Amino acid sequence: MQQPNIFAEGYQQGAEITSVTMYHHNLFSVVGKTTYYKTIGNRRIVWDTVSKKYPAIGNVEVIDRGSGMSKMTKFNKEANRVVRYNKVNNERMIDFYYPNLRYDSLPQELKIATGLDENTLVEVALSFNEPKTLEELGETLGYKNVTWLWLDKATEKKLERLEEKWDDDTWKVKHGEDAYGFPVSEEHPYTENATDDTTINGAVVSGTPKELKRFQNLELVRTSVIGVTIDKY
């Protein structure tokens, strides 16, 4: 897994994935261990680890990898889709669905999330019916329990290729770890990373089942996919 890519505009690759790198200096090299995290509520979950050796002369070498992003995939009959699991912690990995593509199945897992035990914190990826401006989202989605926004970066040509090449939904979803976007909160408003043409395809929301109920009947939500679930206490 590559380190999340931060653009000049403030966009990052990897929905809700952050990283911390610690360095150990040797005589002729430096070893850096990067730990990737997912945050839900006030809890950080280890998502992956990568250690690299930086020699004084020569190429950078990956010396250890946690393989968290080497996902396990399995078709889930109940969910009617391929569900992906992180190999490090066995948590579900989120997927987004493009607003402009046709799919055989559009998961509605927010309904499941809101029915879980109230001692649970749940991450859910929401995909929208159409790209939304940040101003529209401020009015309809708000800030509470919204943690990350999926940026609309796909060109029409790319969407056409996906539609033409793949019949299987598995290849047409956008994996959360590959998506570009930016974190949001009341302290970091939507417009902080906006440009005139910024539009959003989806969002990551997290909280208790009761806190997530307000997202259930929003007309802008096309699909919803459950990710990380942990006990609150």
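Note that residues are indexed from 1 along each chain, following the sequence as it is written. Where local features are concerned, this predicted model is filtered to residues with pLDDT of at least 70; where side-chain atom pairs are given and counted, the filter is 80 or more; whole-chain, interface and lining totals use all residues. Hydrogens and waters are ignored; side-chain quantities use all the structure's heavy atoms.

Looking at the secondary structure, you find Ala15 in the loop between strand S1 (12-13) and strand S2 (17-25). Spatially, the C-alpha atom of Ala15 lies 8.9 Å from that of His175, the residues being 160 residues apart in sequence. Any two residues whose heavy atoms approach within 4.5 Å are treated as being in contact. In contact with Ala15, not counting residues within four places along its chain, are Lys38, Ile94, Phe96, Trp148, Gly176, Glu177, Ala179 and Val204. Each helix is a run of H or I in the DSSP string that is no shorter than four residues. Each strand is a run of E no shorter than two, and both are numbered from the N terminus.

To summarise the sheet geometry, strands pair through backbone hydrogen bonds and adopt either a parallel or an antiparallel arrangement. Pairing between strands requires that DSSP locate at least two bridges from one strand to the other. If you trace the 4 strands from one edge of the open sheet to the other, you get S2-S3-S4-S5, paired in antiparallel fashion. Sheet topology places S2 and strand S5 (61-65) at the edges, where each strand pairs with a single neighbour. Averaged over all pairs of adjacent strands, the angle between strand axes in this sheet comes to 25°, irrespective of strand direction. The sheet contact formed by strand S4 (residues 43-55) and S5 spans 4 bridges and is antiparallel. For helices, the axis comes from a line fit to the C-alpha atoms of the stretch in contact; other axes are also lines fit to C-alpha atoms, and the angle between any two N-to-C directions lies between 0 and 180 degrees.

This part is about the packing of aromatic side chains. Note on ring pairs: Phe, Tyr and Trp rings are taken, using the six-membered ring of Trp, and paired if centres are within 6.5 Å. Classes follow the plane angle, with under 30 degrees stacked, over 60 edge-to-face and the rest tilted. Counted under the stated rule, the structure contains 6 aromatic pairs. Centre to centre, the rings of Phe96 and Trp150 are 4.7 Å apart; their planes meet at 25°, and the pair counts as stacked. Of this pair, Phe96 sits in strand S9 (residues 95-96) while Trp150 sits in strand S11 (residues 146-151), and the two are 54 residues apart along the sequence. Exposure class is identical for Phe96 and Trp150. Each is buried. Arranged with centres 4.8 Å apart and planes meeting at 65°, the rings of Tyr97 and Tyr103 form a pair that is edge-to-face. Classification of residues uses two cut-offs on accessible area relative to the type maximum, computed with a 1.4 Å probe and protein chains only: under 20% is buried, over 50% is exposed, and between them is partly exposed. Tyr97 sits in the buried class, given a relative accessible area of 3%. Members of the aromatic cluster, connected to one another through ring pairs, are Phe96, Tyr98, Trp148 and Trp150. We note Lys38 situated over the ring of Trp47; from NZ or CZ to the ring centre the distance is 5.3 Å. Arg44 extends its terminal NZ or CZ atom over the ring of Tyr37, reaching a point 3.9 Å from the ring centre. The criterion for a charge sitting over a ring is simple: Lys NZ or Arg CZ within 6 Å of the ring centre, and within 35 degrees of the ring normal.

Quick look at the side chain of Thr120 now. Along the chain, Thr120 turns up in strand S10 (residues 120-133). Here Thr120 falls in the buried class, since its relative accessible area comes to 10%. Here Asp117 takes part through its backbone oxygen, which lies 2.9 Å from a polar atom of the side chain of Thr120. Setting aside chain neighbours within four positions, we find Thr120 in contact with Gly207, Thr208, Pro209, Thr229, Ile230 and Lys232. What qualifies as a polar contact is a pair of N or O atoms within 3.5 Å, subject to a donor-acceptor requirement within protein and to the restriction that residues adjacent in sequence count only when both atoms come from side chains.

A few words now on the sheet that holds S11. Spatial strand order, S1-S13-S11-S14-S10-S15: 6 strands in an open sheet with antiparallel pairing. Unpaired on one side and paired on the other, S1 and strand S15 (221-231) mark the two borders of the sheet. Where S10 meets strand S14 (residues 199-207), 8 bridges bridge the pair, whose relative direction is antiparallel. Considered in S14, the bridge of Thr133 is made with Thr199.

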